[in-house]
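# An overview of the molecular structure
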Amino acid sequence: MLLRPLLPVLLALLPARGDGADPLRPAPFAPVVQELGGARINWTELRLEATTHSEMTVGAWKDRRVQEQDALERVGPLIEELARRLAVTRGDALYAVLRADDPLAARLEDGMRNWEVTETRYLGQGGVEMTASLPISRWLQPLLEQVTGPVSEQLPADGTTGLVIDARGLPFDPALVPELRTPEPEPKVLVSLNMFGKDDGQHATPVVYVSDPADPRAVKRAGAKPVFARATGAAPGVLTVTAELPTSAADLALLIAARRVVVVADP
């Protein structure tokens, strides 16, 4: 008789069936992803990704090894093409930021070929699907080392800890380092690539992209006492704000130099 009143409690403790998520575990925050024709840029995890699919046959046979090789040969060029198109700052790709005759150009050209296969799927009806990726921060670290600086900055023990720019709802194409400016015909640039300092060992890239300001990655970068700015306009790699930022010019410069900038964008 005592079991009947306890039955609802016991049932509630049983693991849920089906493919639903654990109700006690919060859902992960969606990354900011830009789709570009069969390939994508994951701006939150700073990764280039491409997927290819092969159903190549040899005579009357579908050979998995042939399909694997075919998918492998096609996924690399997709990653490398995406790397060359990646917006480093504003809408400018690598060779708009770096002169083609710069010795670093050859090093980065070699680096974009250091992609890795992250997943290979064998389809039930035949065929192979392959996904490869290239970590952006590792690939472009030499470029960031060259164009930022001159030193890494540390924030004071008290005071503002970060800048969070809310760009949700805007048709914004991200860049590795977006430019923040005022909307006048001759705009004042508030955030740009050359304002960031060197990596202090904790922040490999100058800016963090998230889809929600509550994302732990945003909290880690912007700290406990950030200031917030609402973007009112966007262009490729550029955000505009109409109001003055709620911090002094000196504090803003220090936040940027210390790489404490977060952009919240649509996933």
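In what follows, the structure referred to is the one given above.
Residues numbered from 1 in each chain as written. Predicted model: local features only at pLDDT ≥ 70, side-chain atom pairs only at ≥ 80, totals over all residues. Heavy atoms only, no water.

### Let's talk about the environment of histidine 53
For histidine 53, the location among the structural elements is in strand E3 (residues 47–54). Here histidine 53 falls in the partly exposed class, since its relative accessible area comes to 33%. The spacing of histidine 53 and glutamine 67 is 14 residues in sequence and 8.3 Å in space, taken between C-alpha atoms. If we skip the residues at most four places from it in the chain, histidine 53 touches Arg74, Leu123, Gly127, Val128 and Glu129. (Helix = DSSP H or I, 4+ residues; strand = E, 2+ residues; numbered from the N terminus. Buried < 20%, exposed > 50% of the residue type's maximum accessible area, 1.4 Å probe, protein only. Contact = heavy atoms within 4.5 Å.)

### Considerations on the sheet that holds strand E4 (residues 116–122)
Spatial ordering of the open sheet is given by E1-E2-E3-E5-E4, a layout of five strands whose pairing is antiparallel. At either end of the open sheet lies a strand with only one pairing partner, and these are strand E1 (33–36) and E4. Across the sheet, the mean angle from the axis of one strand to that of its neighbour is 20 degrees, orientation sign disregarded. With four bridges joining them, E1 and strand E2 (residues 39–42) adopt antiparallel strand pairing. The residue bridging valine 33 from the neighbouring strand is asparagine 42, located in E2. Those strands touched by helix H5 (residues 136–147) are E2, E3, E4 and strand E5 (128–135), and its axis lies near 35 degrees from that of E5. (Pairing = 2+ DSSP bridges. Axes fitted to C-alpha atoms, helices over the stretch in contact; angles between N-to-C directions.)

### Description of the side chain of serine 133
Mapping serine 133 onto the fold places it in strand E5. The contacts of serine 133, once residues within four sequence positions are left out, are Arg47, Leu48, Glu49, Ile79, Trp115, Glu116 and Thr118.

### Overview of the sheet that holds strand E6 (residues 162–166)
Strand order across the open sheet formed by four strands is E9-E13-E6-E10, with parallel pairing between neighbours. Both outer strands of the open sheet, strand E9 (207–210) and strand E10 (226–230), are each paired with one neighbouring strand and no more. Ignoring which end each strand starts from, the neighbouring axes of this sheet average 20 degrees apart. Judged from the five bridges that link them, E6 and E10 form a sheet pairing that is parallel. Considered in E10, the bridge of valine 164 is made with phenylalanine 228.

### Notes on the side chain of serine 211
Tracing the backbone shows serine 211 in the loop between E9 and helix H6 (216–222). Note on serine 211: relative accessible area 12%, which makes it buried. At 2.5 Å, the side chain of serine 211 and the backbone oxygen of alanine 30 are in polar contact. Those residues in contact with serine 211, other than ones at most four positions away along the chain, are Phe29, Ala30, Val32, Arg168, Val264, Ala265 and Pro267. (Polar contact = N/O pair within 3.5 Å; in protein donor to acceptor, adjacent residues only side chain to side chain.)

### As for the pattern of salt bridges
Two side chains of opposite charge can pair, provided their charged atoms sit close to one another. The tally for this structure, following the rule as stated, stands at 18 salt bridges. With a closest N to O distance of 3.0 Å, aspartate 92 and arginine 90 form a salt bridge. By relative accessible area, aspartate 92 is classed as partly exposed at 23%. The partner of arginine 217 in a salt bridge is aspartate 215, and the shortest N-O contact between them spans 3.0 Å. Residue class for aspartate 215 comes out buried when judged on its relative accessible area of 1%. Each member of the salt-bridge network shares a partner with another, and the members are Glu35, Arg40, Glu45, Arg47 and Glu49. (Salt bridge = Lys/Arg side-chain N within 4 Å of Asp/Glu carboxyl O.)

### Concerning the nonpolar core
Looking at soluble globular proteins, one finds that nonpolar side chains tend to be buried together. Leu48, Trp139, Leu140 and Leu239 are the most contacted members of the largest nonpolar core, which has 55 residues in total. A per-element tally of this core places H5 first, with five residues. Ignoring any residue separated from it by four or fewer positions in sequence, one finds leucine 239 in contact with Ile165, Ala167, Leu170, Phe172, Glu179, Leu180, Arg181, Ala231, Gly233, Ala234 and Val263. Counting residues in hydrophobic clusters, the runner-up holds seven residues, among them Val164, Val208, Val210 and Ala222. (Core = buried A, V, L, I, M, F, W, Y, C linked by side-chain atoms within 4.5 Å.)

### Quick word on H5
Three or four residues apart is the spacing at which side chains of an α-helix point the same way, because the helix has 3.6 residues per turn. Relative to the 16 Å expected for 12 residues at 1.5 Å per residue, H5 spans 16 Å between its end C-alpha atoms, a close match to the ideal helical length. Among all positions in H5, only Ile136, Trp139, Leu140, Pro142, Leu143 and Leu144 are buried. On the buried face of H5, the contacting elements are E2, E3, helix H2 (64–85), helix H3 (94–97), helix H4 (103–111) and E5. Where H5 ends, the next residue or the one after it, glycine 149, has phi of about 130 degrees, a positive value. (Expected span 1.5 Å × (residues − 1).)

### Describing H4
Of all the positions in H4, only Leu104, Ala105, Leu108, Glu109 and Gly111 are classed as buried. Looking straight down H4, one finds that the buried residues subtend no more than 160 degrees of arc, so they occupy a single side. The exposed residues of H4 that point more than 90 degrees off its buried face are Pro103 and Arg107. (Arc of directions from axis to C-beta.)

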